[in-house]
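In case you want the letters, here they are:
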Amino acid sequence: MPLTRLAFLVASLNLLAFGAGACDGHAVSDSDGEGPPETSECGPTVGKVAKVVDGDTIVLESGEKVRYLLVDTPEITNGKRECFGIEARDFNAEYVLGQEIALTYDVECADAYGRLLAYVDVPDGEINSLLIARGYACVLDIPPNGEDRAGEFMAMQRAAQDQKAGLWGMCGDVCGP
């Protein structure tokens, strides 16, 4: 997983250097004038999950890929089978697959791979927080996104580590330094 984070960090730095359009999350469209807006400058603010790629990435029915902010789950794509990756994907799917979700964006809208970067709310809570708190993921803090919530997520991760929840009880320290 450290190599994956390094590649993600390098890609994010390239994104910062060459730009991909910042997002301040302001709403730009509302289908019926009532309720929350359905899109922002970043993308949709609501959607239905059509596919779960892994523990931290989903695809909406509209086709957009969404990568969860402040979350890094063990890899299971491209031939990788890291410890607790299947469990993280299955946990994610249990909460989001087929569900109507709400997306909240931060400073940057997308990553170097074109995936939207968002906090995702489901009927049972925010999946980003649930994955960290229950030990299915590590915190992945790549500023400027997450600056206001990184401490909260690190505290949840420390609690999960102390309780040996999820991957912390099965895989050891998989998040690296």
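Not measured: the values here are computed from a predicted model.

Examining the side chain of S40
Structurally, the position occupied by S40 is in strand β2 (residues 39–40). Within polar-contact distance, the side chain of S40 engages the backbone nitrogen of C42 at 3.0 Å.

A short note on the pattern of salt bridges
Per the counting criterion, the structure on display carries six salt bridges. Put simply, D56 and R67 hold a salt bridge, and the shortest N to O gap is 3.5 Å. Here D56 is found in the loop between β3 (46–52) and β4 (57–60), whereas its partner R67 is found in strand β5 (residues 65–68), with 11 residues between them in sequence. Using a relative accessible area of 2% as the deciding quantity, one classes D56 as buried. By relative accessible area, R67 is classed as buried at 5%. Here R149 ties to E126 by a salt bridge, and the two come within 2.7 Å at their closest N and O atoms.

Topic: the state of the cysteines
Disulfides are covalent bonds that link the sulfur atoms of two cysteine residues. The full count for this structure, using the stated rule, is two disulfides. Two residues share a disulfide in this structure: C42 and C109, whose sulfurs sit 2.2 Å from each other. Torsion about the S-S bond of the C42 and C109 cystine: about -60 degrees, corresponding to left-handed handedness. Here C42 is found in the loop between β2 and β3, whereas its partner C109 is found in the loop between β6 (100–104) and β7 (116–122), with 67 residues between them in sequence. Owing to a relative accessible area of 11%, C42 belongs among the buried residues under this scheme. A residue is classified by how much of its surface remains accessible, and C109, at 7% relative accessible area, is buried. The partner cysteine of C83 in its disulfide is C171, sulfur to sulfur 1.9 Å. One quick way to see it: the torsion about the S-S bond of C83 and C171 is about -75 degrees, and its sign makes the bridge left-handed. Placement of the pair is C83 in the loop between β5 and α2 (85–96) and C171 in the segment after α5 (167–170), with a sequence separation of 88 residues. On the accessibility criterion, C83 (36% relative accessible area) is partly exposed.

Let's talk about the confidence of the model for the protein chain
Low pLDDT marks stretches whose predicted atomic positions should not be read closely. Averaged over all residues, the pLDDT of the protein chain is 84; the fraction at 70 or higher stands at 77%. Below pLDDT 50 for its whole length, residues 1–31 participates in 60 contacts with residues either more than four positions away or in separate chains.

The rules behind these values
Residues numbered from 1 in each chain as written. Predicted model: local features only at pLDDT ≥ 70, side-chain atom pairs only at ≥ 80, totals over all residues. Heavy atoms only, no water. Helix = DSSP H or I, 4+ residues; strand = E, 2+ residues; numbered from the N terminus. Polar contact = N/O pair within 3.5 Å; in protein donor to acceptor, adjacent residues only side chain to side chain. Salt bridge = Lys/Arg side-chain N within 4 Å of Asp/Glu carboxyl O. Buried < 20%, exposed > 50% of the residue type's maximum accessible area, 1.4 Å probe, protein only. Disulfide = S-S within 2.5 Å. pLDDT = per-residue confidence, 0-100. Contact = heavy atoms within 4.5 Å.

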